[in-house]
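# Architecture and fold: a report
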Amino acid sequence: MSRICLPTVDRRKLLLGGASLAAAAWLPRSALGAVTPAQEFTLAAAPARASLVGPPHPETDVWCYNGSTPGPEIRVRQGERIRVHVENRLPEETTVHWHGIRLPNAMDGVPHLTQKPIAPGETFAYEFTCPDAGTFWYHPHQRSFVQVGRGLYGALVVEERETVPVDRDVTWVLSDWRLLDDASISGDFGNMHDVSHNGRVGNTVTINGRIPETFAARAGERIRLRLINGANARIFGLEFEGHRPQIIALDGQPVEPHAPLNNRVVLGPAMRIDLLLDMTAQPGQRFCIVDTFYRGLEYKLLDLVYADDAPLRDLANATPVRLPDNPLPEPNLESAQRHQVTLGGGMMGSMRTAILDGQQVDIRTLMHNGLVWAINGVAAKGHVHEPLLTLERNRPYILELVNDTMWHHPVHLHGHSFRVISRDGKPTRYREWQDTVLLSRQERAEIAFVADNPGDWMIHCHILEHQAGGMMGVIRVT
Ligand code: C2O
Ligand code: CU
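Below, the structure is looked at part by part. Because the structure is predicted, anything quoted here is derived from the model rather than measured.

### Describing the pairing of strand β9 (residues 168-177)
Regular strands show a simple pattern: their side chains alternate between the two faces of the sheet. Of all 10 residues in β9, 9 are buried, a share of seventy percent or more. Both β9 and strand β12 (residues 222-229) contribute to a ladder of 7 bridges, which runs parallel. What sits directly across from T171, in β12, is R226. Where β9 lies against strand β10 (residues 204-207), 4 bridges are found, and the strand directions are antiparallel. Its bridge partner being in β10, D176 is matched across the sheet by V205.

### Here's the deal with the nonpolar core
Among the nonpolar cores identified, the biggest contains 68 residues, and W172, L225, L227, L238, L301 and F449 are the most heavily contacted of them. Here this core gets 5 residues from one element, more than from any other, and that element is strand β19 (residues 299-306). In terms of nonpolar packing, the next biggest core, distinct from the first, is built from 47 residues, W98, W137, V146 and L156 among them.

### Some thoughts on the pattern of salt bridges
Should their charged atoms come close, side chains of opposite charge can pair. Tallied over the full model, the rule gives 35 salt bridges. Here R168 makes a salt bridge to E221, at a shortest N to O gap of 2.7 Å. One end of the pair, R168, is in strand β9; the other, E221, is in the loop between β11 (214-217) and β12, and 53 residues separate them in sequence. For E221, a relative accessible area of 7% gives the class buried. Note that R224 is salt-bridged to D274, the shortest N-O span being 2.8 Å. On the criterion of sequence distance, the pair formed by R224 in strand β12 and D274 in strand β17 (residues 272-278) is long-range, its members being 50 residues apart. A cluster of three or more residues bridged by salt bridges with shared partners is formed by E73, R75, R77, E159, E160, D169, R224, R226 and D274.

### Focus on the coordination of the copper ion (ligand 2)
All of the protein donors around the copper ion (ligand 2) are H409 (ND1), C461 (SG) and H466 (ND1); their distances to the metal are 2.0 to 2.1 Å. Here the donor residues of the copper ion (ligand 2) are spaced in sequence according to H-x51-C-x4-H. Remark: H466 occurs in helix α5 (residues 464-468) and H409 occurs in strand β26 (residues 409-413); sequence separation between them is 57 residues. H409 gets classed as buried once you look at its relative accessible area, which sits at 0%.

### Notes on the packing of aromatic side chains
Tallied over the full model, the rule gives 8 aromatic pairs. Aromatic pair W98 and Y126: ring centres 5.5 Å apart, planes at 70°, arrangement edge-to-face. Within this pair, whereas W98 is found in strand β5 (residues 97-99), its partner Y126 is found in strand β6 (residues 123-129), the two being separated by 28 residues in sequence. Summarising the burial analysis for this pair, W98 and Y126 share the class buried. By the ring-pair criterion, three or more aromatic residues cluster together here, those being Y65, W98, F124, Y126, F128 and Y138. For the cation-ring pair, R150 lies above W63, with the distance from its terminal atom to the ring centre recorded as 5.2 Å. Sitting over the face of the ring of F189, R200 holds its NZ or CZ atom 3.8 Å from the ring centroid.

### Comments concerning the sheet that holds β5
Taken together, the 4 strands give an open sheet; going across it, the order is β3-β8-β7-β5, and neighbouring strands pair in mixed fashion. Two strands in the sheet have a free side with no partner beyond their single neighbour: β3 (74-77) and β5. For this sheet the average axis-to-axis angle between neighbouring strands, irrespective of direction, equals 25°.

### Considering the sheet that holds strand β2 (residues 60-65)
Judged by pairing direction, the sheet is mixed, and its 4 strands sit side by side in the order β2-β1-β4-β6 without closing on themselves. Because the sheet does not close on itself, it has two edges, and the strands there are β2 and β6. Shown here is a sheet whose adjacent strand axes are inclined to one another by a mean of 20°, direction ignored. Where strand β1 (residues 39-50) meets β2, 6 bridges bridge the pair, whose relative direction is antiparallel. Bridged to A50 within β2 is T60.

Rules behind the numbers
Residues numbered from 1 in each chain as written. Chains lettered and ligands numbered in written order. Predicted model: local features only at pLDDT ≥ 70, side-chain atom pairs only at ≥ 80, totals over all residues. Heavy atoms only, no water. Buried < 20%, exposed > 50% of the residue type's maximum accessible area, 1.4 Å probe, protein only. Helix = DSSP H or I, 4+ residues; strand = E, 2+ residues; numbered from the N terminus. Pairing = 2+ DSSP bridges. Core = buried A, V, L, I, M, F, W, Y, C linked by side-chain atoms within 4.5 Å. Salt bridge = Lys/Arg side-chain N within 4 Å of Asp/Glu carboxyl O. Donors = N, O, S within 2.8 Å, 3.2 Å for Na, K, Ca; no water. Phe/Tyr/Trp six-rings, centres within 6.5 Å; stacked < 30°, edge-to-face > 60°. Lys NZ or Arg CZ within 6 Å of the ring centre and 35° of its normal. Axes fitted to C-alpha atoms, helices over the stretch in contact; angles between N-to-C directions.

Keep in mind these values describe shape, not function.
Written out as structure tokens, the structure reads:
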């Protein structure tokens, strides 16, 4: 496995060159740590400066919640209610979407569809209960390809009612920036090349807003590592040299603990994976974590560095941690109604026409409107649409998602979690609950859920340039 320690791309180049900042690889729990019911939080979205690359590079102009990117980690306990006052001090409208939280439609943060966007200088209060324990996150839904790309997002962690037996609970908000030589953010958001290919994949990867050098650990430690992919478009494929991480939750929802396929933890945009990372090596040892997702663009994310201290415990026969289930309604597959949701468009695709504003138009007209993608033949502009599907409340549904394109798409459904029951016709082994399912080119997946949450819900690709380029729609639950 040591081959993965030799990145084929010089990380210095990839990361803008020069020395990078040695930083703690996780955020300290902020003042938000205390847990009481109906807790109040304030998130102020505003421009700020952040040292992403570290000296000697200048700071970067970013957009932040409460002055930092990622914004503060909001931590609550399962079943608790929170009220979050969002202040908009940006030069444009915004909203906040609570990705993966099953909440009332009016709190979902989709501009025009579920609320009036928050104008500059205005405040909006979101209030909801967190029914599921797990790793979630928040981000704007207004021009998200720009607002997320400039640094607006943060973790929302809902703790289980009982403590989970790990030594450390660590959150990594992974992100990806397209920086110029002076460490400023490249202003080419939403350019047609990114929109029609694999989105805005950047040149600088950060963990919790910093380029990390090392992650310090102790032999015998059990770590719950919460990975959140906050990037616009980058898919991560993380390999942990010398270790066997177990996936214990996907998109916040517990899953039977299992090793990732080919020992690579694959995380599409917006996805979360909770890993149980047993520190099974010896004191003083050092390993690397590499990202091998894009061929030719492999790089080392950081070094895992063991302290010299004696092992905390012997992990040789340790059993994996099994998280308690969340209260999700189980879809009855026998009686479920089926629908197909087909993704089309993009470079090298076969889409020649699509429906735009109710009219069938050709690809040139679409491109004039900045659109190159469609769902069920409809290219979406803005957030308000005739629903793709209207579902009856409390009934089970199976949606067959068909990726009829040459690109990956992480497809996200709002307001619900769904089981991924098959891929390319084969039943999935873990029948995992997700809110974002990553489809490879030409892949099909069946998802099943009970439509128990009334309202108009977005379904869209979470490569934010694809979403902006038309790959978005509405599913209505009546
Ligand atoms: Cu994470 Cu519709 O969004
Ligand atoms: Cu996509």
